[in-house]
Amino acid sequence: MAIVNLLERFRAHWEAKKYVLPGQTVLLAVSGGRDSMVMADLFLESNIVFAVAHCNFGLRGEASELDEQLIADWCKANKIKFHSIKFDTKQRSREWKKGTQETARILRYEWFEKIRIENQYARIVTAHHANDNVETLLINLFKGTGISGLHGILPENGNIIRPLLFATKEMLGAFATGKGITYREDASNDTDDYLRNAVRHNIVPAIVQWFPNAVDNVNESITRFGQAEQLYKKAVEQERKKLMQQRGHDYYIPILKLRHHEPLATICYELLTPFGFTSSQVPHVLNLLNSETGHYISSPTHRLIRNREFLVITTLPADEADLIVVDTAPCIIEAGKYRFSFSVQSKPKAIPADPNIAYLDMKTLEFPLLLRKWRMGDYFYPFGMKMKKKKISRLLIDEKVPLHEKEDIRILECNKRIAWVSGIRPDERFRVKENTEQVLVVKRELAETL
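Residues numbered from 1 in each chain as written. Predicted model: local features only at pLDDT ≥ 70, side-chain atom pairs only at ≥ 80, totals over all residues. Heavy atoms only, no water.

Caption draft 1: Region of interest: the packing of helix α9 (residues 214–243) against helix α11 (residues 264–272). Look at α9 against α11: their axes get within 10 Å of each other, and the N-to-C directions meet at 85°. When the interaxial angle is binned, α9 and α11 end up roughly perpendicular. The residues of α11 that touch α9, namely those facing Tyr232, Val236, Glu239, Arg240 and Leu243, are Thr266, Ile267, Glu270 and Leu271. Residue composition of the contact of α9 with α11, by class: five nonpolar, one polar and three charged. (Axes fitted to C-alpha atoms, helices over the stretch in contact; angles between N-to-C directions. Helix = DSSP H or I, 4+ residues; strand = E, 2+ residues; numbered from the N terminus. Parallel < 35°, antiparallel > 145°, perpendicular 65-115°, else oblique. Contact = heavy atoms within 4.5 Å. Nonpolar A, V, L, I, M, F, W, Y, C, P; charged D, E, K, R; others polar.)

Encoded structure:
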């Protein structure tokens, strides 16, 4: 009965989902374990055209060789095309500085995709089942991945499909026993060395003890979570369109507008997570809403900077950004086609009249500084004009700066005040005075000439 029930459900599921077009061939990822050998048998019994791929990771000595031999013999007996490969997984793990399981996963899926393309297979099929789905949801929940982690294992993810997610491990076990399917046991599955095994052996059984139908019920919930996630993503996208403005390489979020959106912490998380920021950084993001200009937090790829009435998401490395934080001196920063060098020196006897070098009184400065592109509405007090205010746009016209060069003009900002219009003139408020002891020297040069 278990055999007929699983086979009928699989065939109905496969027909309903229409994963591939009639006549197309799929590639089954078969490890030699019970689940994947049952999957192979289901495809064989259902007359679905398929080939088999197996990775020998060389992690279990002779046992790994016996796994591969079992699958090769099965494919030969059933006239199924067989692909196999051997990896030195431990060596790759050392080279990549990644864990063994992560390394194996990368190797596995990269090779599967290579075989799929070379042989024009329609899809890659894995044997993930309902219990795997529950374990994944629990792991994601405990890690704090948010609503996106609650959809569990996706039935389809690009070229990969998982048609057995409806089946529990008990159903697969009963099918294997009933048909006498030969498979290999992986001894590493009996240990708690890996996180998934620990969840499988300790947490899920404790839950099932109190909630016998937990696996079925959680999988039903996973389906609803996936549907709820679609609605959630639509709402997040609407908030993104309202709050984020792209300017060049950077994104601007108006702080006053952001404060009026609720739930604020969740919105901040969803706006910033595509840029590498994590849930643990959300409190720091909220602190930026009340901080001074120049304060920032970083992700591995981006910086979130408080700049006046905006939060600015700027890319790393700095030379791709329209707004760059200068934390300290000495330092060298590349911005566009220019390279800026910052150094602190004693007051010189004479100040050279070079528009590409700024000498600024250190007493008037406070780090961090901002090096950014000029914007309409910017103004400063040009050196030598006795505190007469002038707009940058007017200055560029008076200085006859060509239109194609205006885009590359950067200004140095300190506490919302412009200290230097690079290549043109410093600000009177930051000039070197008689009592000046130290100066910040900023030089601008074409990067390609260095």
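Caption draft 2: Structural context of the pairing of strand β19 (residues 410–414). The buried fraction of β19 amounts to five of the five residues, a majority that puts the element mostly inside the structure. The two faces of β19 match: Arg410, Leu412 and Cys414 on one face and Ile411 and Glu413 on the other face are all buried. With four bridges connecting them, strand β16 (residues 369–373) and β19 associate as antiparallel partners. Of the residues in β19, the one forming a bridge with Leu370 is Glu413. The pairing of β19 with strand β20 (residues 417–421) spans four bridges and is classified as antiparallel. Among the inter-strand pairings, Glu413 is bridged to a residue of β20, identified as Ile418. What sits between β19 and β20 in their antiparallel hairpin is a turn of two residues, with Asn415 showing a positive phi close to 50°. (Buried < 20%, exposed > 50% of the residue type's maximum accessible area, 1.4 Å probe, protein only. Pairing = 2+ DSSP bridges.)

Caption draft 3: Here's a closer look at unusual backbone geometry. Put simply, Glu262 and Pro263 share a cis peptide bond, and its omega is -5°. Turning to its location among the elements, Pro263 is positioned in the loop between α10 (255–259) and α11. Of note, the amide linkage connecting Phe367 to Pro368 takes the cis form, showing an omega dihedral of 5°. Along the polypeptide, Pro368 turns up in the loop between β15 (357–361) and β16. Non-glycine residue Lys18 carries a positive phi angle of around 50°. For Lys18, the position within the fold is in the loop between α1 (2–17) and β1 (26–29). With phi around 55°, Arg308 is a residue other than glycine that occupies positive phi space. Assignment of secondary structure puts Arg308 in the loop between β10 (302–307) and β11 (310–315). The class for Arg308 is partly exposed, based on a relative accessible area of 25%.

Caption draft 4: Local environment of the nonpolar core. With 34 residues, the main nonpolar core has Leu6, Trp14, Leu28 and Phe43 as its most contacted residues. Broken down by secondary-structure element, the contributors of at least two residues to this core are α1, β1, α2 (34–45), β2 (50–56), α3 (62–77) and α7 (169–179). For this core, the element with the highest residue contribution is α2, accounting for six residues. Among all residues touching Trp14, those that are not within four sequence positions of it are Tyr19, Val20, Val26, Phe43, Ile48, Ile161 and Pro163. Counting 20 residues, the second-largest nonpolar core is a separate cluster that includes Ala358, Leu369, Leu412 and Ala419. (Core = buried A, V, L, I, M, F, W, Y, C linked by side-chain atoms within 4.5 Å.)

Caption draft 5: Just the environment of Cys268, in detail. The residue Cys268 is located in helix α11 in this model. Taking the C-alpha atoms as reference points, Cys268 and Leu286, 18 residues apart in sequence, are found 8.1 Å from one another. With near-sequence residues (within four places) excluded, Cys268 lies in contact with Leu258, Val285 and Leu286.

Caption draft 6: Layout of a nonpolar patch on the surface. A cluster of nonpolar side chains, Leu141, Phe142, Ile203, Ile207, Trp210 and Phe211, forms an exposed patch at the surface whose accessible area comes to about 680 Å². Looking at the nonpolar patch element by element, the count peaks at three residues for helix α8 (residues 195–210). Residue placement: Leu141 occurs in helix α6 (residues 130–143). (Patch = residues over 30% accessible without salt bridge, like charges linked within 9 Å, V, L, I, M, F, W, Y side chains within 5 Å. Areas by Shrake-Rupley, 256 points an atom, 1.4 Å probe, with all protein chains shown as cover. Salt bridge = Lys/Arg side-chain N within 4 Å of Asp/Glu carboxyl O.)

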